[in-house]
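Here is how the chains run, residue by residue.
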Amino acid sequence: MVDVDTFFWWSDEQKEFAKKVAQFVEDNLEEAELYFWKQKFPHSIVKKVAKEGFFGPGVPKKYGGLELGATGGCIAAEQLGRLYAVGHVFTVSMLAGLEQILRFGTEEQKEAWLPSVADGSEIGAVCISEPFAGSDAANVMTTATKDGDEWVLNGKKRMITAAGVADRYFTYAKTSDDPEDRKQYAHITSFVVKKGTPGFSLEKINPLMGFDNAPNGYLDFDNVRIPDFNRVGEVGKGWAVMMAGLNFERLIGAAVFGGTFSDLVELAFYYTKRRVQFGKTTNRFPGIQNEIADIIAKAKVSRLFTYNCAKLLDDGKEPMVEASIAKMINTQYAREIGTQIIQILGGDGLTKFYPAERLLKEGKTGEIVAGTTEVQKMIIYRFSAMLPRYNKAFRLRWNDEVNAPIASKKDSQFKGLELNNENVLKVIAHDYKVNPGLYMTPDDVREDIGGSRSALRKVLDSLIERKLIAVHRDRQGKIALIKANYEGLQKAFPKEYYKWFPEWYDEADKF
Ligand SMILES: Cc1cc2nc3c(=O)[nH]c(=O)nc-3n(C[C@H](O)[C@H](O)[C@H](O)COP(=O)(O)OP(=O)(O)OC[C@H]3O[C@@H](n4cnc5c(N)ncnc54)[C@H](O)[C@@H]3O)c2cc1C
């Protein structure tokens, strides 16, 4: 049996599964290499993966799956990613509506489709991107129009992984042109379209970097008629359906690199112990050791973060930020490790005879597929910005004993004073002494002095009218931030109040 690193929180079943998939991959590496060199899609290996049930870790046992959760999905992705095109197809098949059908499908739909996901008898593809819709995934122009009990789809999809080899295409189409629906993201609906449906055809295969023998292409929908049964989720709820699966999808897209990272660490040791330059094996050069240490660290951090995120998903959490971080760092690491390993191998690293350049290409590709790194950062920022923990006041209060602003939980010296122009101006001007470059929010002011929001608003309006404070307004025109202007500072306190010098500063130099 092969040796696989497991985590202490994995169940025995998950640990066994990891060993089984790893052994399968070891047994099939050579065949995958042959397909890679012949530039042929590895149909026979995909069939074997299916026969082993490896497409089923995310599917409940009730529908023929292994019920090993997101962790099981990551275990399979991590190992199968070592088999070139198989990894891409496994990943996309997991993304092709599995989570969406589980969450939004009716019982009949689950019974109809999930067994074929689990046993791999149907490969899935996911169809979001279009000539008009990339990062702006809501801008789909492919339409779906209701006609009796059927839907008629027209339009195009592009950049679709497994195009042609997939049997089931999870497709997002526009079902409303109402601008109000568009604003509410209620204009999209999701559908399952089967290969072979009249009017549904393959338009083009992209010759894509990192996809040497995995197809990625364009699809054409020309009056494609599908039954209403193939609609997943309610009409106009396609955006919610798309979003629902994103955490799982990003995570699988992250996990798929883990096995290759580990293979490349092995390659780095193997190669540098056998390459001699300047009378030494290259592993004795400190620079090479540093690079290998860095790759090992990245490989371990990547796995730890990925499986931590999988655990959160399996525990029923919605780790939006973590899944985006996993996707971001794994693809970034893949690109970086690819570059590092090429450098370690020198010219050999650039040849196709070693799998170094492959990771560089796949890493770069990974930074674009399933939401670019910029989009992941947008998600990480926006969702973090909403968290209460990042919206706490970072309170510094002036401390006379040390004559400096220090972190303090004590009430402000103004707390409880009457809420009038003079006192509020003092609070705002005092903040210049503590945070000279910052504005205060109205809530910061209330925290310092107390009183109601409406009473404070009146005082602030009055201070604005008297031109004693500067204001920054939000998009609705409401007061978002306030700061004493120079007139306000002068009116609130004597000049001495704001002066501050370190003890070493010469009296003679003060003016
Ligand atoms: C290998 C591969 C496989 C793929 N497989 C599939 C698939 O199976 N199904 C599918 O539907 N799609 C698939 N795609 C498409 C993929 O999801 C898109 O390529 C991706 O979402 C980016 O869209 P785009 O290529 O149109 O780039 P664009 O959206 O045009 O982006 C171009 C650049 O602008 C940046 N950018 C865009 N918007 C913003 C913003 N608001 N703020 C900051 N920067 C921004 C991007 O980060 C990027 O750097 C695949 C792509 C690749 C490369």
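Residues numbered from 1 in each chain as written. Predicted model: local features only at pLDDT ≥ 70, side-chain atom pairs only at ≥ 80, totals over all residues. Heavy atoms only, no water.

How should I be thinking about the overall build of the protein chain in this particular structure?
A tally of helices and strands in the protein chain yields 19 helices and 14 strands. Radius of gyration (C-alpha) of the protein chain: 30 Å, far over the 24 Å computed for a compact globule of 511 residues. By principal-axis analysis of the C-alpha atoms, the protein chain measures approximately 85 × 80 × 40 Å. Relative to its 511 residues, the protein chain shows a buried fraction of 49%. (Helix = DSSP H or I, 4+ residues; strand = E, 2+ residues; numbered from the N terminus. Rg over C-alpha atoms; globule rule 2.2 N^0.38 Å. Buried < 20%, exposed > 50% of the residue type's maximum accessible area, 1.4 Å probe, protein only.)

Explain the site of the ligand to me, please; I cannot follow it from the model alone.
The environment of the ligand is made up of 20 residues, and the closest members are Ser129, Ser135, Met159, Thr372 and Glu374. One of the backbone nitrogen or oxygen atoms of isoleucine 128 is found 2.8 Å away from an oxygen atom of the ligand. At 2.8 Å from a nitrogen atom of the ligand is found a main-chain nitrogen or oxygen belonging to methionine 159. Starting from 970 Å² of accessible surface for the ligand in isolation, the protein chains cover 66%. Tallying contributions element by element places strand β3 (residues 150-161) first for the shell around the ligand, with 3 residues. Residues that form the shell around the ligand fall into these classes: 12 nonpolar, 7 polar and 1 charged. (Near = heavy atom within 4 Å. Polar contact = N/O pair within 3.5 Å; in protein donor to acceptor, adjacent residues only side chain to side chain. Areas by Shrake-Rupley, 256 points an atom, 1.4 Å probe, with all protein chains shown as cover. Nonpolar A, V, L, I, M, F, W, Y, C, P; charged D, E, K, R; others polar.)

How should the layout of surface pockets be read in this particular structure?
In this structure, the second largest pocket spans a volume of roughly 790 Å³. Gly259, Phe261, Ser262, Asp263 and Glu266 are the residues nearest the centre of the second largest pocket, which is lined by 29 residues in total. Mapped onto the lining of the second largest pocket, the elements with two or more residues apiece are α1 (12-38), α3 (69-80), α10 (258-272) and α11 (286-314). A per-element tally of the lining of the second largest pocket places α10 first, with 10 residues. (1 Å grid on protein atoms, 1.4 Å probe; cavity = no way out; pocket = protein on both sides within 12 Å on 5 of 7 lines; lining within 4 Å. Points joined across faces, edges and corners; volume = space filled by probe spheres on them.)

What should I look at first to understand the side chain of threonine 71 in this one?
Mapped onto the secondary structure, threonine 71 falls in helix α3. The exposure class of threonine 71 is buried, given its relative accessible area of 2%. Within the structure, threonine 71 has its side chain in polar contact with the side chain of aspartate 314 (distance 2.6 Å). The contact partners of threonine 71, leaving out residues within four places of it in the chain, are Trp10, Gln14, Tyr307, Ala310, Lys311 and Asp314. (Contact = heavy atoms within 4.5 Å.)

For this particular structure, what's the right way to read the pattern of salt bridges?
A side chain with one charge may pair with a side chain of the opposite charge, provided their charged atoms come close. Within this structure, the stated rule accounts for 36 salt bridges. In this structure, the salt-bridge partner of glutamate 99 is arginine 103, at a minimum N-O distance of 3.3 Å. Separated by 4 residues within a single helix, glutamate 99 and arginine 103 lie in helix α5 (residues 98-104), roughly one turn from each other. Lysine 183 is the salt-bridge partner of glutamate 180, the closest N and O atoms lying 4.0 Å from each other. With a gap of 3 residues between them, glutamate 180 and lysine 183 both fall in helix α7 (residues 179-183), about one helical turn apart. (Salt bridge = Lys/Arg side-chain N within 4 Å of Asp/Glu carboxyl O.)

It is not clear to me how the pairing of strand β13 (residues 469-473) should be interpreted in this structure. Could you clarify?
In summary, the side chains of a regular strand alternate between the two faces of the sheet. Pairing of β13 with strand β14 (residues 479-484), which is carried by 5 bridges, proceeds in the antiparallel orientation. Paired with alanine 470 across the bridge in β14 is lysine 483. Counted along the chain from β13 to the antiparallel partner β14, the turn is 5 residues long, and its residue glycine 477 has a positive phi close to 90°. (Pairing = 2+ DSSP bridges.)

When you look at the pairing of strand β7 (residues 216-227) in this model, what are you seeing that I'm missing?
Sheet analysis places β3 next to β7, joined by 9 bridges and oriented antiparallel. Paired with valine 152 across the bridge in β7 is arginine 225. Here strand β6 (residues 200-205) pairs with β7 via 5 bridges, running antiparallel. Bridge pairing in β7 places lysine 204 opposite tyrosine 218.

When you look at helix α4 (residues 85-95) in this model, what are you seeing that I'm missing?
With 11 of its 11 residues buried, α4 lies for the most part within the structure. Buried within α4 are the following residues: Ala85, Val86, Gly87, His88, Val89, Phe90, Thr91, Val92, Ser93, Met94 and Leu95. Count one or two residues on from α4 and you reach glycine 97, which has phi positive near 95°.

In this structure, what is going on with empty space enclosed by the protein? I would like to understand it.
Rolling a probe over the atoms, with the probe sized like a water molecule, indicates the empty space that remains. Per the counting criterion, the structure on display carries 2 cavities of 30 Å³ or more. In this structure, the largest cavity spans a volume of roughly 40 Å³. Taken together, Glu78, Ala254, Ala255, Gly258, Ser302, Arg303, Thr306, Tyr307 and Asn330 make up the lining of the largest cavity. Secondary-structure elements contributing two or more residues to the lining of the largest cavity are α9 (246-255) and α11.

Mind showing me how you'd approach helix α12 (residues 320-345) here?
An α-helical segment advances 3.6 residues per turn. Residues three or four places apart therefore align on the same side. The end-to-end C-alpha separation of α12 is 37 Å, in line with the 38 Å expected for 26 residues at 1.5 Å each. Extensive coverage of α12 is indicated by the burial of 19 of its 26 residues. At the C-terminal side of α12, glycine 346 shows a positive phi close to 65°. (Expected span 1.5 Å × (residues − 1).)

Is there a simple way to explain the packing of α3 against α4 in this structure?
What describes two packed helices is the angle between their axes and the distance between those same axes. Look at α3 against α4: their axes get within 8 Å of each other, and the N-to-C directions meet at 155°. The angle between α3 and α4 falls in the class roughly antiparallel. At the point where α3 passes α4, the crossing takes the left-handed sense. Two secondary-structure elements touch here, α3 through Gly73, Ala76, Ala77 and Leu80 and α4 through Val86, Gly87 and Phe90. Broken down by class, the residue content of the contact of α3 with α4 amounts to 5 nonpolar, 2 polar and no charged. (Axes fitted to C-alpha atoms, helices over the stretch in contact; angles between N-to-C directions. Parallel < 35°, antiparallel > 145°, perpendicular 65-115°, else oblique. Left-handed = near helix turned anticlockwise from the far one by under 90°.)

Honestly, the environment of asparagine 435 in this entry has me stumped. Any pointers?
Within the element layout of this structure, asparagine 435 appears in the loop between α16 (421-434) and α17 (442-449). On a C-alpha basis, the gap between asparagine 435 and arginine 397 in space is 9.6 Å, while along the polypeptide they are 38 residues apart. Sequence-distant contacts of asparagine 435, defined by excluding residues within four places in its chain, comprise Leu396 and Lys483.

Any chance you could explain the packing of aromatic side chains here in plain terms?
Using the criterion set out here, one finds 25 aromatic pairs in the structure. Ring geometry for tryptophan 37 against phenylalanine 353: centres 5.7 Å apart, planes inclined by 15°, an arrangement best described as stacked. Note that tryptophan 37 is positioned in helix α1 and phenylalanine 353 in the loop between α13 (347-350) and α14 (356-366), a separation of 316 residues in sequence. The class for tryptophan 37 is partly exposed, based on a relative accessible area of 45%. Consider the rings of phenylalanine 493 and tyrosine 498, whose centres lie 6.1 Å apart with planes at 80°: the pair is edge-to-face. By the burial criterion, phenylalanine 493 is buried, and tyrosine 498 matches it. Here a set of aromatic residues connected by ring pairs shows up, and it is made of Phe7, Phe8, Trp9, Trp10 and Tyr307. (Phe/Tyr/Trp six-rings, centres within 6.5 Å; stacked < 30°, edge-to-face > 60°.)

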